[in-house]
2 protein chains.
Amino acid sequence: MFELARFLPYHINRTGVRLATAFGAELARHGLSVPMWRVLAALWQGGERKSADLIVDTSIEQSTLSRLVTTMEQRGMLTRRRSNHDARAVVVALTEEGRRVTKELIPYALRNERIALRGFSREEIDILLGMLTRIYDNAADLKL
Amino acid sequence: MFELARFLPYHINRTGVRLATAFGAELARHGLSVPMWRVLAALWQGGERKSADLIVDTSIEQSTLSRLVTTMEQRGMLTRRRSNHDARAVVVALTEEGRRVTKELIPYALRNERIALRGFSREEIDILLGMLTRIYDNAADLKL
DNA sequence: TATTGTTATACTCTATAACTATA
DNA sequence: TATAGTTATAGAGTATAACAATA
């Protein structure tokens, strides 16, 4: 009827916690938190995103993101400016320093991923990422 | 070099956050948090676990778990007693009320899982759970 | 001395709502 | 009126270390 060992959210959670804890320790040595890394990683491609996009990209809640961006702005990792197209929206962009620290951390992130996926074929990884995307999309229908 | 869309921790995190947020809303209507549900779910099979086991089962950090158990004990969901075999260890057990609320929540949990896994075959689910377990095991080697 | 768990502290993230500004 | 974001506040989780009890 209900077996924890076959319950998907259980497996997702424990795997996610383990990955985040390990990388979080490395991030802490660089003075960063995991949510900060998520913002940097989301900004890495393209270099800038609207706040609304960052909420989607990072799964960080709006008010948390707003203050996180303030902190990171104060530390010189990114800039915040109003959008030209819609002055209600805010565009967040990496600074040179933000790019530097992100570039410095990417090898650690990829190394951890490689270890986590040890023994997986390229094909298996594609299948896994596809499944996680399908679940993410399906879960949009879960009622709050 | 680094693509967020192909980065495993990114997919794990956003899927986990979405699942936890949706079920957390249901739990809140029962006066519970997601970590509380994790404790209940871990205790469901067998009805009791040592604190050290619960840390593994729930991925909740030791001091957080200790106070969480205190809260749940005060609310009558579970009991805490010293182990007979080793009086350093604490055994946590569901009360009748704890069993009742867990039993009440299981259908919601299973319903959410069913929606999240919509379109998946039984075979695919087995493959997915197997992959997540392999990643979890591999990730034990990540250095902190 | 080592292990299991509790408590204290400071910090971060979340949730909610009130607020500001722009549309 | 609606939308994007900020700020305020309270609550919950995390990290670390100090502490107590037991081995």
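Details of the structure are given in the entry above.
Counting restarts for each chain: residues are numbered from 1 in the order of the written sequence. Chains carry letters from A onward and ligands carry numbers from 1 onward, assigned in written order. Local features in a predicted model are, by the rule used here, given only for residues with pLDDT of at least 70; side-chain atom pairs are given and counted only at 80 or more, and totals for whole chains, interfaces and linings are based on all residues. As a rule here, side-chain values cover all heavy atoms of the structure and leave hydrogens and water aside.

(A) Just the overall build of chain A, in detail. Secondary structure elements are defined from DSSP: runs of H or I of at least 4 residues count as helices, runs of E of at least 2 residues count as strands, and each element is numbered from the N terminus. Along chain A, the regular secondary structure elements total six helices and three strands. Counted from the first residue to the last, chain A has its helices and strands arranged as α-α-β-α-α-β-β-α-α. For the C-alpha atoms alone, the extent of chain A along its principal axes is close to 50 × 35 × 25 Å. Only protein chains enter the accessibility calculation, which uses a 1.4 Å probe. A residue is then buried if its area is under 20% of the maximum for its type, exposed if over 50%, and partly exposed in between. Scored against the burial criterion, the 144 residues of chain A give a buried share of 47%. A sequence separation of at least 24 residues applies to 50% of the contacts in chain A between residues at least 6 apart. Residues scored as positive are Lys and Arg, those scored as negative are Asp and Glu, and His as well as the terminal groups of each chain are ignored. Charged side chains are reduced to one point each, which is NZ for Lys, CZ for Arg, CG for Asp and CD for Glu. Mean positive and mean negative side-chain charge positions of chain A (22 and 17 charges, respectively) differ by 4 Å. A contact between two residues is defined here by any heavy atoms of the two lying within 4.5 Å.

(B) Geometry of the interface of chain B and chain A. Opposite the 64 residues of chain B that make contact, chain A presents 64 residues. Once two parts are put together, the accessible area they lose, assessed with a 1.4 Å probe and summed over both, is termed the buried area. Approximately 6700 Å² of surface area, both sides summed, lies buried where chain B meets chain A, with 63% of it carried by carbon and sulfur atoms. By definition here, a salt bridge exists when the distance from a side-chain nitrogen of Lys or Arg to a carboxyl oxygen of Asp or Glu is within 4 Å. Along the contact surface separating chain B from chain A lie six salt bridges. The term polar contact refers here to a pair of N or O atoms within 3.5 Å; inside protein, the definition further demands a hydrogen-donor-capable atom paired with an acceptor-capable atom, and it admits residues adjacent in sequence only when both atoms are side-chain atoms. Linking chain B with chain A are 22 residue pairs in polar contact (both at pLDDT 80 or more), by the criterion used here. Elements that contribute at least two residues to the side of chain B that touches chain A include exactly α1 (8-29), α2 (34-44), α3 (51-58), α5 (96-116) and α6 (122-138) of chain B. No other element matches α1(B), which puts 16 residues into the side of chain B that touches chain A.

(C) Summary view of helix α5 (residues 96-116) of chain A. The terminal C-alpha atoms of α5(A) lie 30 Å apart, and with 21 residues this matches the ideal 30 Å at 1.5 Å per residue to within 8%. What is called the bend at a residue is the angle between a pair of axes, fitted to the seven residues leading up to and ending at it and to the seven starting from it. Residue A:Leu105 marks the point of greatest curvature in α5(A), where the axis turns by about 30 degrees; the proline A:Pro107 follows within four residues. The complete set of buried residues in α5(A) reads A:Gly98, A:Val101, A:Thr102, A:Leu105, A:Ile106, A:Ala109, A:Asn112, A:Glu113, A:Ile115 and A:Ala116. Lining the buried residues of α5(A) we find α1 (8-29), α2 (34-44) and β3 (90-94) of chain A together with α1 and α6 of chain B. Multiply 1.5 Å by the residue count of a helix minus one, and that product is the helix's expected span.

(D) The arrangement of the side chain of A:Glu26 in detail. All names here are of chain A. Mapped onto the secondary structure, glutamate 26 falls in helix α1. Classification of glutamate 26 as buried rests on a relative accessible area of 9%. Only 3.1 Å separates the side chain of glutamate 26 from the side chain of histidine 30, close enough to count as a polar contact.

(E) The arrangement of the sheet that holds β3(A) in detail. Residues and elements named next belong to chain A. Criterion used throughout: strands pair if DSSP finds at least two bridges between them. Spatial strand order, β1-β3-β2: three strands in an open sheet with antiparallel pairing. Across the chains shown, the open sheet's two edge strands, defined by having one partner strand only, are β1 (48-50) and β2 (78-82). For this sheet the average axis-to-axis angle between neighbouring strands, irrespective of direction, equals 25 degrees. Here β1 runs beside β3; their pairing, made up of three bridges, is antiparallel. Following the sheet pairing, arginine 49 is matched in β3 by valine 92. All axes here are fitted lines through C-alpha atoms, helices being fitted over the stretch that makes contact, and every angle between N-to-C directions spans 0 to 180 degrees.

(F) Looking closely at the protein's contact with DNA strand D. Only a single heavy atom is needed: when it lies within 4 Å of a molecule or strand, its residue is near that molecule or strand. Taken together, 19 residues form the shell around DNA strand D, and within it A:Ser66, A:Arg80, B:Pro35, B:Thr64 and B:Arg88 come nearest. Within 4 Å of the protein, the contacting atoms of DNA strand D are 66% sugar and phosphate, with bases supplying the remainder. A distance of 2.5 Å separates a phosphate oxygen of DNA strand D from a polar atom in the side chain of A:Arg80. The contact in question runs from a base oxygen of DNA strand D to an N or O atom on the side chain of B:Ser63, over 3.2 Å. Counting only elements with at least two residues in the surface near DNA strand D, the list comes to α3 (51-58) and α4 (62-74) of chain A together with α4 (62-74) of chain B. Counted by class, the surface near DNA strand D contains six nonpolar, seven polar and six charged residues. Note that Gly is not counted as nonpolar here; it falls among the polar residues with everything else outside the nonpolar set of Ala, Val, Leu, Ile, Met, Phe, Trp, Tyr, Cys and Pro and the charged set of Asp, Glu, Lys and Arg.

(G) Representation of the protein's contact with DNA strand C. Close contacts around DNA strand C come from 20 residues, with A:Pro35, A:Thr64, B:Ser66, B:Arg80 and B:Val90 the closest. The contact in question runs from a phosphate oxygen of DNA strand C to an N or O atom on the side chain of A:Thr64, over 3.4 Å. B:Arg88 places a side-chain nitrogen or oxygen 3.2 Å from a sugar or linking oxygen of DNA strand C. Those elements giving two or more residues to the surface near DNA strand C turn out to be α4 of chain A together with α3 and α4 of chain B. By residue class, the composition of the surface near DNA strand C is six nonpolar, seven polar and seven charged.

In short, the description is geometric, and any link to function would need to be established separately.
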